[in-house]
Amino acid sequence: MIKSKRWLMACLVLASCGFTATTSPEASLKKVFKNDFLMGAALNGKQASGKDPEATAIITQHFNTISPENVLKWEAIHPQPEKYNFGPADAYVAFGRQHNMFTVGHTLVWHSQTPDWVFEDAHGKAAGKALLQQRMAEHINTVAGRYKGQIGGWDVVNEALNDDGTLRQSKWYTIIGEDYLAQAYQLARKADPKAELYYNDYNLWKPAKREGALRLVRSLQAKGLKVDGIGMQGHWGLESPSIAQIEESIVAFSKVGKVMITELDIDVLPNPSNRNGADIDATFAFDEKYNVYTNGLPEEVQQKLARRYADIFALFHKHREKIARVTFWGVTDADSWLNNWPIKGRTSYPLLFDRTYQPKPALDAVLKSVSKSSSSQ
Ligand code: G3I
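Numbering of residues starts from 1 in each chain and follows the order in which that chain's sequence is written. For this predicted model, a pLDDT threshold of at least 70 governs which residues receive local features, and a threshold of 80 or more governs which side-chain atom pairs are given and counted, while totals over whole chains, interfaces and linings are taken from all residues. Values reported for side chains reflect all heavy atoms of the structure, with hydrogen atoms and water molecules removed beforehand.

Draft legend 1. Local environment of the overall build of the chain. Along its length, the chain carries 13 helices and nine strands. Using C-alpha atoms as the atom set, the radius of gyration is obtained and then compared with a globule rule of 2.2 Å times the number of residues to the power 0.38. Expected size for 377 residues packed as a compact globule is a radius of gyration near 21 Å; at 21 Å, the chain falls within 12% of this value. Along the first, second and third principal axes, the C-alpha set of the chain runs to 70 × 40 × 40 Å. With 377 residues in all, the chain has 54% of them scored as buried. As presented, the chain carries roughly 16200 Å² of accessible surface, and 52% of it is formed by carbon and sulfur atoms. Secondary structure is summarised from DSSP: a helix means a run of H or I of at least four residues, a strand means a run of E of at least two, and numbering begins at the N terminus for each. Note on exposure labels: buried denotes an accessible area under 20% of the residue type's maximum, exposed denotes more than 50%, and partly exposed covers the range between, all computed with a 1.4 Å probe on protein chains only. In short, Shrake-Rupley with a 1.4 Å probe defines the accessible areas, and a residue's cover is counted only from the protein chains shown.

Draft legend 2. Quick look at the pattern of salt bridges. The term salt bridge refers to a pairing of a side-chain nitrogen on Lys or Arg with a carboxyl oxygen on Asp or Glu at a separation within 4 Å. According to the stated counting rule, one finds 12 salt bridges in the structure shown. The partner of aspartate 364 in a salt bridge is lysine 368, and the shortest N-O contact between them spans 2.9 Å. Pair noted here: aspartate 364 and lysine 368 are both in helix H13 (residues 361-375), with a separation of four residues, about one helical turn. A relative accessible area of 40% means that lysine 368 is categorised as partly exposed. Residues joined in a network through salt bridges with shared partners are Asp163, Asp201, Lys206 and Lys209.

Draft legend 3. Seen up close, the site of the ligand. Proximity criterion: a residue is near a molecule or strand once any of its heavy atoms comes within 4 Å of it. Taken together, 15 residues lie around the ligand, and Glu69, Lys73, His106, Gln113 and Glu263 are the ones closest in. A distance of 2.9 Å separates an oxygen atom of the ligand from a polar atom in the side chain of asparagine 70. Here the ligand loses 54% of its free accessible area of 790 Å² to cover by the protein chains. Residue polarity is assigned by list, with Asp, Glu, Lys and Arg as charged and Ala, Val, Leu, Ile, Met, Phe, Trp, Tyr, Cys and Pro as nonpolar; anything else, Gly included, falls into the polar class. Along the lines of polarity and charge, the residues of the shell around the ligand split into five nonpolar, six polar and four charged. By the criterion applied in these results, polar contacts are pairs of N or O atoms within 3.5 Å in which, for protein atoms, one can donate a hydrogen and the other can accept it, and in which residues neighboring in sequence qualify only through two side-chain atoms.

Draft legend 4. Summary view of helix H4 (residues 53-62). Ala55, Thr56, Ile58, Ile59 and His62 are the residues of H4 that are buried. All buried residues of H4 project into a common sector of 165° when viewed along the axis, lining one side. Along the arc lie the directions from the helix axis toward the C-beta atoms.

Draft legend 5. Inspection of the pairing of strand S9 (residues 323-328) at higher detail. The buried fraction of S9 is high, at five of six residues. Examined bridge by bridge, strand S1 (residues 38-43) and S9 share four bridges and lie parallel to one another. Considered in S9, the bridge of glycine 40 is made with threonine 327. Pairing between strands is defined by DSSP: at least two bridges between them are needed. In this sheet, S9 lies alongside strand S8 (residues 258-267) in parallel orientation, the contact comprising four bridges. Across the sheet, isoleucine 261 pairs through a bridge with valine 326, a residue of S9.

Draft legend 6. Spatial organisation of the packing of helix H11 (residues 243-253) against helix H12 (residues 299-318). Contact geometry for H11 and H12: axes closest at 11 Å, N-to-C directions at 25°. With respect to their mutual orientation, H11 and H12 come out roughly parallel. For the crossing formed where H11 meets H12, the hand is right-handed. In this structure, H11 uses Ile243, Ile246, Glu247 and Ile250 to contact H12, whose residues at the interface are Arg308, Asp311, Ile312, Leu315, Phe316 and Lys318. Among the residues forming the contact of H11 with H12, the class breakdown is six nonpolar, no polar and four charged. Fitting a line to C-alpha atoms yields each axis, with helices limited to the stretch in contact; the angle taken between N-to-C directions then spans 0 to 180 degrees. Here the word oblique covers every angle except those under 35 degrees (roughly parallel), over 145 (roughly antiparallel) and from 65 to 115 (roughly perpendicular). Here a crossing is called left-handed whenever its near helix is offset anticlockwise from the far helix by less than a right angle, and right-handed whenever the offset is clockwise. Contacts are assigned to residue pairs with any non-hydrogen atoms lying within 4.5 Å of each other.

Draft legend 7. Spatial organisation of the environment of glutamine 80. Structurally, glutamine 80 is set in the loop between helix H5 (74-77) and helix H6 (87-98). Taking C-alpha positions, glutamine 80 is 14 Å from valine 143, a pair spaced 63 residues apart along the chain.

Draft legend 8. Examining the pairing of S1 more closely. Across the six residues of S1, five count as buried, placing the element largely inside the fold. Where S1 and strand S2 (residues 65-68) come together, four bridges link them in parallel fashion. Bridged to glycine 40 within S2 is threonine 65.

Draft legend 9. Quick peek at the confidence of the model for the chain. Residues at a pLDDT of 70 or more form 92% of the chain, whose mean pLDDT is 93. Below pLDDT 50 for its whole length, residues 10-15 participates in four contacts with residues either more than four positions away or in separate chains. In predicted models, pLDDT denotes the confidence assigned by the predictor to each residue on a 0 to 100 scale.

Draft legend 10. Region of the structure containing the environment of leucine 305. Its place among the elements puts leucine 305 in helix H12. In this structure the C-alpha to C-alpha distance between leucine 305 and proline 115, which are 190 residues apart in sequence, comes to 37 Å. Ignoring anything within four residues of it in the chain, the contact list for leucine 305 reads Leu238, Ile266, Val268, Leu297, Tyr349, Leu351, Lys360 and Ala362.

Draft legend 11. Examining the nonpolar core more closely. Counting residues in each nonpolar core, the largest one holds 108 residues, and the members touching the most others are Phe313 and Phe316. In terms of residue count, the dominant contributor to this core is H12 (nine residues). Here phenylalanine 313 is in contact with Phe33, Phe37, Met39, Leu264, Val326, Phe328, Val366 and Ser369, once residues within four sequence places are set aside. In this structure, Ala42, Trp329, Leu338 and Trp341 belong to the second largest nonpolar core, which totals five residues. In these notes, a set of buried Ala, Val, Leu, Ile, Met, Phe, Trp, Tyr and Cys residues joined through side-chain atoms within 4.5 Å is what counts as a nonpolar core.

Okay, structure coming up:
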């Protein structure tokens, strides 16, 4: 502690050992990593429709792949049985086409953000298996079919596992049974045979969940289904998971297909519980004592965040042959879901660009991580 304080003081005085908030105007993540993996960001509705020009400038300068933060989720695109709301998703896909970006689809089958009617019959009672299967088929055919040839890869099923590696007892599971997973991949394949198909989840660095994901993907592939890779959501903290834990999963997942880091952000705020990952039901009442940086991020934490990103990207670069894509879950700190999870209304700092669209030292750290990784090999 004392040592790190001294180090920090020395850095502040010398202003040379830390990462800086200024990068050259030409600096570009997608160029730095062009031989390694795609670099992306999740776009919200405003960004995807081009109504946030400062965000557009960042996105086009730094990223060559995009993901939809919300517009392709069931409740957004298919709010009622007979009603599809394609406008925002069409705009998202058009943005990707206009800027020549690899456009990801997120997500077709998830336990969350799926309206209640999906799981109910006309009388509001639990839907039977056949009805739910029919709804799944209709939804996947319509949505994946509409964007055939335009969406390069789909998170077909999202978050089907518990942290202990067992299958989540979602309504999909309890009504259809384990087979809902195979059906989803089969339907997606049929709707767009050329699109890549992924399994996506959080906390995949946890050994039991890692094994669960491997079991799941291998069992689908053993049935002859196409699953091209695993998306490891990167909702991580400043200290945890360790680089070694992330590395073990990257290596393990590379045995069954492509590895993607799909939802990267680093939470710097205190967590009121030991919960980690992205279980969106795990929320807490607002309490000012957990909203510690309302007037800006202290330089010490800014540098800690930058070093964490440097370490993570040095790892990604080391495994660049296995990793196909790295996607941040948001563009600037202002957009991040972490302003509202696990507590609503906090001021969060998980990304590479600040609330005024300016680069943070963390961007400098990621841009420099390639040379760090190369020199350490
Ligand atoms: O669309 C309504 C809007 O009509 C309403 O006015 C507003 C009022 O709060 O809410 C809007 O919905 C919000 C939605 O985002 C769109 O902005 C929901 O309340 C909010 O809960 C929802 O949060 C999203 C969350 O998934 C749940 O879908 C976050 O933005 C999004 O970042 C987050 O993303 C998930 C990934 O899909 C899967 N992995 C975990 C990750 C983080 O939770």
